[in-house]
Amino acid sequence: MNTWLSFLHGGMLDLGPWALVGVTLALTHVTIAAVTLYLHRSQAHRGLDLHPAVAHFFRFWLWLTTGMVTREWVAIHRKHHARCEREGDPHSPAVFGLAQVFFRGAELYRDEVKNAETLARYGHGTPDDWIERHLYSRHNLLGVSLMLILDLALFGVVGLTIWAVQMAWIPFWAAGVVNGLGHAWGYRNFACPDDSTNVVPWGLLIGGEELHNNHHAYGTSAKFSSRWYEFDLGWAYIRILQALGLAQVRRVAPRLRLRAPDAADTLGQDQLQGIIVHRYEVLARYSGVVKAALAHELEALKQRHRRGEWQLLRRCRKWLVRDAAALAPREQAQVERALSLAPALSTVVQMRRELTALWESSSASSEQLLADLRAWCLRARASGIDALEQFALQLGRYAA
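Not measured: the values here are computed from a predicted model.

Running from amino to carboxyl end, helix α2 (residues 17-44) crosses helix α4 (residues 70-82) at an angle of 65°, the nearest separation of the two axes being 10 Å. Crossing angle aside, the handedness with which α2 passes α4 is right-handed. In this structure, α2 uses Val35, Tyr38, Leu39, His40, Gln43 and Ala44 to contact α4, whose residues at the interface are Thr70, Trp73, Val74, His77 and Arg78.

Right under this line is the structure:
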C-alpha cells in the first residue's frame, strides 16, 4: 500500500516542486517550438524546410500535446492572412471583438475546422502520408490521452495538473495572446493593411510569435525579428538546426538599404523597387507625417476653442492611417467630415492614398510607375507641409 501511495504521490520520477515546474515549462516550450517552427514557418508559409526526422518529431509531439491536425491548423492560419481583419477571418478581434478572441480563441478555431471549404482551399501541401491519414488525423484525441497516461506515470497525481497546463498552453498563448493581443495592443514597425502588432520586442515566451506585426509585413520570412533590439528565439533555434544540417531557410525579409542623403535627389528604377519591396516600412514612416499634421490641426482647433471639431478629429486619428477600404462606412463618413475641416491634413491623407495606389497598380509599366512616383514627390515637395517635404526627400534614399 505504501509503495502504491508513494507512486501516486511522485510517480516514477518523484521530483520536487521546483523540478516539476521546470519540467512543465520545458515540455510546453517544446510544444511552442513545434508550433512556430513546424506548423507556422515551415508548413503554413514555406519559409523554412525542416529535415524529415525533425518535421516528424514535431508532428508527433503536437499529436501528443495538442491534438491539432497539421492540415487544419495550416488552412485556418492561411485563411487568416488572406482575409485578415475582414469578414471571413477565422479569429480577428476586428470581426469578433478582442474579448471573444482572447477568451474563446480555441473555440473559434474548432468552429472553423468544421468548414470544409477552408480546408480544401487553404490546406494544400500538408502531410498526407499513411500515418497522417490513419493515426494523426483520424485519432487526434488518442495522442493527448497517451500524454495524460505518461504524465500520470512519470509524475503521479500532479501529472494531471502538468497535462492540463500542456493542454491549455497553446490555446492561451497562440489563440488568445497572439491572435487577440497581437491584433489589438503593442507597437508596429510596419504599416501593413491590418491591425497586427508586436506584443513585446523580445520573442521569448512563445518562440518569436510575439513579433506578430513583423510577421504580417513579411509573411513568408522564416525570421520574425527586424530591429536590432528584437530577439526571435525561434530564429535562434533555426540557426542551430541549420548548423546541424537539419533545416534550410528558404526566405527571409529583405534588408532595408538606404543610400547616402546626398544621393536622395535622384529617383530611378532602383529606388522604385526599393520603395515597393519595403512599402510597409515606407507607410510606417509616413504615419509620422500624418501624426505631425494631425497634431498641428488639433492644436489650432484647441486655440480656436472648436471643441466639437477637435473631438471629431481626435476620434478619427487611428483611421487616418488605415486604407479607406478597411474602414466601416460610418468610420469613412467621419474621416471625410474631419478632413473637410483640416485642409493640410486632408492633403497629407490624400497623398498617402495616392502613394499606396502606386504600388497596388497591376497594369502600369515600371516606366509609368516611376513617372508617377516622381510626380508624387514633386507635388509633396511643393506642398508647403514641412513633414511631407522631408518625407519625399527620404524616398530617394531607398534602394532595392
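From this point, the narrative continues.
To continue, consider the nonpolar core. By size, the foremost hydrophobic cluster in this structure holds 43 residues, and its most contacted members are Tyr286, Leu345, Leu373, Trp376 and Leu395. Of all the elements in the fold, those that place two or more residues in this core are α13 (269-277), α14 (279-303), α15 (307-315), α16 (329-340), α17 (343-360), α18 (366-381) and α19 (386-395). Here this core takes nine residues from α14, the largest share from any one element. Setting aside residues up to four positions removed in sequence, tyrosine 286 forms contacts with Val348, Met351, Arg352, Leu355, Trp376, Leu388 and Phe391. Counting residues in each nonpolar core, the second largest holds 29 residues, with Val54, Ala55, Val177 and Val178 among its members.

In this section: the pattern of salt bridges. When the charged atoms of two side chains with opposite charge come close together, those side chains can pair. As enumerated under the stated definition, the model contains 11 salt bridges in all. Ionic pairing is found between arginine 59 and glutamate 132, a salt bridge with its closest N-O pair at 2.8 Å. With arginine 59 in helix α3 (residues 52-65) and glutamate 132 in helix α8 (residues 130-136), this residue pair connects regions lying 73 residues apart in the sequence. Residues arginine 59 and glutamate 132 agree in their burial class; the two are buried. For the salt bridge of lysine 79 with glutamate 112, the shortest nitrogen-to-oxygen distance reads 3.0 Å. Of this pair, lysine 79 sits in helix α4 while glutamate 112 is found in helix α6 (residues 98-113), placing the two residues 33 residues apart along the sequence. Glutamate 112 shares its class with lysine 79; the two are buried. Among the charged side chains, a network of salt bridges with common partners joins Arg59, Asp129 and Glu132.

This brings us to helix α12 (residues 233-243). Restricting attention to buried positions, one finds in α12 the residues Leu233, Gly234, Trp235, Ile238 and Leu241. Looking at the buried residues of α12, the elements they touch are α2, β1 (48-50), α3, β2 (202-203), β3 (231-232) and β4 (247-249). The distance from a side-chain oxygen at the start of α12 to the backbone nitrogen of glycine 234 is 3.0 Å, and the residue carrying that oxygen is aspartate 232. In the segment just after α12, glycine 245 is the residue with positive phi, at about 75°.

Time to look at the UniProt feature "transmembrane region" (unreviewed entry) in the chain. Mapped onto this numbering, the UniProt entry gives "transmembrane region" (unreviewed entry) at residues 15-39 and 141-165. This span, residues 15-39, is 92% helix and 0% strand, and a straight line between its end C-alpha atoms measures 32 Å. A helix fraction of 92% and a strand fraction of 0% characterise residues 141-165, whose end C-alpha atoms lie 16 Å from each other.

Here helix α9 (residues 140-155) contains 16 residues, and its C-alpha end-to-end distance of 24 Å stays within 8% of the 22 Å for a straight helix at 1.5 Å per residue. The complete set of buried residues in α9 reads Gly143, Val144, Met147, Asp151 and Phe155. One side of α9 holds all its buried residues, which, seen down the axis, span an arc of 90°. When the buried face of α9 is taken as reference, the exposed residues oriented beyond 90 degrees from it are Leu141 and Ile149.

Further remarks concern the domain arrangement of the chain. Its domain assignment divides the chain into domain 1 (3-249) and domain 2 (269-399). Put simply, the middle of domain 1 and the middle of domain 2, counted by C-alpha atoms, are 37 Å apart. At the junction of the two partners, domain 1 supplies nine residues and domain 2 supplies nine residues. Note on domain 1 versus domain 2: buried area summed over both sides is about 730 Å², and carbon and sulfur give 54% of it. Contact with domain 2 buries surface across domain 1, with Ala191, Pro193 and Tyr218 losing the most and accounting together for 54% of the total. Scanning the region where domain 1 abuts domain 2 turns up one salt bridge.

Looking at the element boundaries, valine 335 is found in helix α16. Between the C-alpha atoms of valine 335 and leucine 20, which are 315 residues apart in sequence, the distance is 55 Å. Not counting chain neighbours up to four residues away, the residues in contact with valine 335 comprise Cys316, Trp319, Leu320, Leu327 and Arg353.

The next subject is the environment of glutamine 166. Looking at the secondary structure, you find glutamine 166 in helix α10 (residues 158-178). Remark: the alpha-carbon pair of glutamine 166 and valine 335, spanning 169 residues in sequence, is separated by 46 Å. Contacts of glutamine 166, omitting those with residues within four sequence positions, involve Leu27, Thr28, Trp61, Thr65, Met147 and Asp151.

If you walk through the whole model with that rule in mind, you get 13 aromatic pairs. Look at phenylalanine 102 and phenylalanine 172: their rings are 5.9 Å apart centre to centre, the planes differ by 80°, and that puts the pair in the edge-to-face class. Of this pair, phenylalanine 102 sits in helix α6 while phenylalanine 172 sits in helix α10, and the two are 70 residues apart along the sequence. When the centroid spacing of 5.5 Å and the interplanar angle of 90° are considered together, the rings of phenylalanine 190 and tyrosine 218 count as edge-to-face. Within this pair, whereas phenylalanine 190 is found in the loop between α10 and β2, its partner tyrosine 218 is found in the loop between α11 (212-217) and β3, the two being separated by 28 residues in sequence. Summarising the burial analysis for this pair, phenylalanine 190 and tyrosine 218 share the class buried. The residue whose ring lies beneath arginine 227 is phenylalanine 190, and the NZ or CZ to ring-centre distance is 5.3 Å.

So, how was this worked out
Residues numbered from 1 in each chain as written. Predicted model: local features only at pLDDT ≥ 70, side-chain atom pairs only at ≥ 80, totals over all residues. Heavy atoms only, no water. Axes fitted to C-alpha atoms, helices over the stretch in contact; angles between N-to-C directions. Helix = DSSP H or I, 4+ residues; strand = E, 2+ residues; numbered from the N terminus. Left-handed = near helix turned anticlockwise from the far one by under 90°. Contact = heavy atoms within 4.5 Å. Core = buried A, V, L, I, M, F, W, Y, C linked by side-chain atoms within 4.5 Å. Buried < 20%, exposed > 50% of the residue type's maximum accessible area, 1.4 Å probe, protein only. Salt bridge = Lys/Arg side-chain N within 4 Å of Asp/Glu carboxyl O. Polar contact = N/O pair within 3.5 Å; in protein donor to acceptor, adjacent residues only side chain to side chain. UniProt positions renumbered as here; feature names shortened; annotations may be inferred. Expected span 1.5 Å × (residues − 1). Arc of directions from axis to C-beta. Domains from an automatic or database assignment. Buried area = accessible area lost by both parts, 1.4 Å probe. Phe/Tyr/Trp six-rings, centres within 6.5 Å; stacked < 30°, edge-to-face > 60°. Lys NZ or Arg CZ within 6 Å of the ring centre and 35° of its normal.

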